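Report on the structure
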Amino acid sequence: MKQTSSRLTTQRMTRLALLAAAAVVLGYMDGILSAAMLLPTGVKLGLANTVLLYSIYLLGPGYSVLLMILKVVLTGFMSGNLASAFLYSMGGGALSLVMMLLVKALGRGSISIVGVSVVGAVFHNIGQLLVAALILRTPALMFYIFILMIAAVITGTLTGIAGRQIVRVLKIPGSADPFREEGGGNK
Amino acid sequence: MAENEKKPLMKKRDVLIVGIVLLVAVAGMLAVKFLTPSTATNYAKIYVGNYVYKEVPLNENQVIEINQGSDIVNHVEVKDGAIYMADSSCPDQQCVDQGKITAKNYEQRALRNWVVCLPNQVTVELVLEDEG
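The model shown is predicted, which means the values in this text are computed figures rather than measured ones. (Residues numbered from 1 in each chain as written. Chains lettered and ligands numbered in written order. Predicted model: local features only at pLDDT ≥ 70, side-chain atom pairs only at ≥ 80, totals over all residues.)

1. Section: the nonpolar core
Quick note on the threshold: A set of buried residues drawn from Ala, Val, Leu, Ile, Met, Phe, Trp, Tyr and Cys, joined through C-beta atoms within 7 Å, is what defines a nonpolar core. Counting other C-beta atoms within 10 Å of its own, a residue is labelled buried from 20 upward, exposed at 12 or fewer, and partly exposed in the gap between, with every C-beta atom placed from the backbone. Helix numbering and strand numbering both begin at the N terminus, where a helix is a DSSP run of H or I of at least 4 residues and a strand a DSSP run of E of at least 2. Once C-beta atoms are placed from the backbone, any two residues with those atoms within 7 Å are in contact.
By size, the foremost hydrophobic cluster in this structure holds 50 residues, and its most contacted members are A:A23, A:L52, A:L53, A:V118, A:V122, A:M149 and B:V21. No other element matches helix α5 (residues 113–136) of chain A, which puts twelve residues into this core. Once you skip the residues sitting within four places of it in the chain, A:V118 turns out to touch A:V153, A:G156, A:T157, A:G160, B:I17, B:V18 and B:V21. Counting 14 residues, the second largest nonpolar core, distinct from the first, contains B:V76, B:I83, B:M85 and B:C117.

Okay, here's the thing in structure tokens:
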């Protein structure tokens, strides 16, 4: 059934734990892959965002916020540099999630998961750079955002398409169609 | 799902979002590129002999005439952030050949941030105010 009650049942807790673990691992792989592909600094595939897309579409906003916080905190512990890494990814994660939820709600089905993903990717970069500019006190850093935005469009589209397939394949049995708002219109 | 094949990869609004983001990014990059040099107040000092004849900002295009009488005339031109000797009444024309100085190229020039016309005693010095 739909997530009408906000009570944290064992099933939900397990699901959340699994997703958080997947997000952390994907985020870690992301860093390795991006380095291996010689992507410029700050450009990442954003694989972990597929997990967040999954939770936005299948579990709702509450879960997604919890998941984002879990991912940020766990990644922060792993990096060994809790304070700054935490602030960077929190800035990116929070802004990204808020904008994705907003776009999905406002889009009312006229914006697909790919659009939501692109918005998430773009605002993840914006959030991180905002925090970086605040911490390092160098507003000049913000010019880099335009390069990152172009990269985010590409990576966001890719992860959005991947996310759509994941949501389709890993649909929770008995839950409502995650793409019901997008309707059956095939044009 | 059955409609798997029929559904397009992206909806119209998705493409719109992508378009807007790309537009903002390109506009932003262009803005950074074109606005940054003009906000910096680089200027040039034009000397005649030992004293400063005039100080000119590099962000507005103009031609400065330095007329010392007796047919000794130099024209210094400011164009798109570069300053150079456009023409000179001197015999050797070395000052004209010295070319343009800009905030970017002066480190590669032999005379760095100077254009010198020895016969007419006209010199141009680029002054960088970036790191103010």
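2. Things to note about the sheet that holds strand β2 (residues 51–57) of chain B
Residue and element names in this part refer to chain B. Heads up, the rule is: Any two strands are treated as partners once DSSP identifies two or more bridges connecting them. The angle between two axes is taken between their N-to-C directions and runs from 0 to 180 degrees, where each axis is a line fitted to C-alpha atoms and a helix contributes only its stretch in contact.
If you trace the four strands from one edge of the open sheet to the other, you get β2-β1-β7-β6, paired in antiparallel fashion. Bordering the open sheet on either side are β2 and β6 (114–117), each of which pairs with just one other strand. Direction aside, the axes of adjacent strands within the sheet are offset by 15 degrees on average. Here six bridges tie strand β1 (residues 43–48) to strand β7 (residues 122–127), and the two strands are oriented antiparallel to one another. Bridge pairing in β7 places Y47 opposite T123.

3. Section: the packing of helix α1 (residues 10–36) of chain A against helix α2 (residues 48–58) of chain A
All names here are of chain A. Rule in force here: Here the word oblique covers every angle except those under 35 degrees (roughly parallel), over 145 (roughly antiparallel) and from 65 to 115 (roughly perpendicular). Side-chain classes follow a simple rule in which Ala, Val, Leu, Ile, Met, Phe, Trp, Tyr, Cys and Pro form the nonpolar group, Asp, Glu, Lys and Arg form the charged group, and the remainder, Gly included, forms the polar group.
Contact pair α1 / α2: the axes reach a minimum separation of 7 Å and the direction vectors enclose 155 degrees. Of the possible angle classes, the one that applies to α1 and α2 is roughly antiparallel. Contacts between α1 and α2 involve L19, A22, A23, L26, G27 and D30 on the former and, on the latter, A48, V51, L52 and S55. Broken down by class, the residue content of the contact of α1 with α2 amounts to seven nonpolar, two polar and one charged.

4. What to know about the interface of chain A and chain B
The interface of chain A with chain B comprises 18 residues on the first partner and 18 residues on the second. Mapped by element, the contributors of at least two residues to the side of chain A that touches chain B are α5 and α6 (144–169) of chain A. Looking at which element gives the most residues to the side of chain A that touches chain B, the answer is α6(A), with six residues. Partitioned by chemical class, the residues of the side of chain A that touches chain B number eleven nonpolar, six polar and one charged.

5. Observations concerning the pairing of β7(B)
Residue and element names in this part refer to chain B. Examined bridge by bridge, β6 and β7 share four bridges and lie antiparallel to one another. Bridging from a neighbouring strand, V115 pairs with V124 of β7. Here β6 folds back onto β7, and the loop between the two strands holds four residues, one of which, Q121, carries a positive phi near 60 degrees.

6. Quick word on the confidence of the model for chain B
To keep things clear, this is the line we draw: pLDDT runs from 0 to 100 and stands for how confident the predictor is about each residue.
Mean pLDDT over chain B: 81, with 88% of residues reaching 70 or higher. Scored by ipTM, the complex comes to 0.76, with pTM at 0.65.

7. Observations concerning α2(A)
Counting buried positions along α2(A) gives eleven out of eleven residues, so the element sits mostly inside the fold. Of the residues trailing α2(A), A:G60 is marked for its positive phi of about 95 degrees.

8. Description of the pairing of β2(B)
All names here are of chain B. Bridge analysis of β1 against β2 gives six bridges, and the strand direction is antiparallel. Of the residues in β2, the one forming a bridge with I46 is K54. Hairpin geometry of β1 and β2 is characterised by an intervening segment of two residues between the two adjacent antiparallel strands and by a positive phi of about 65 degrees at G49.

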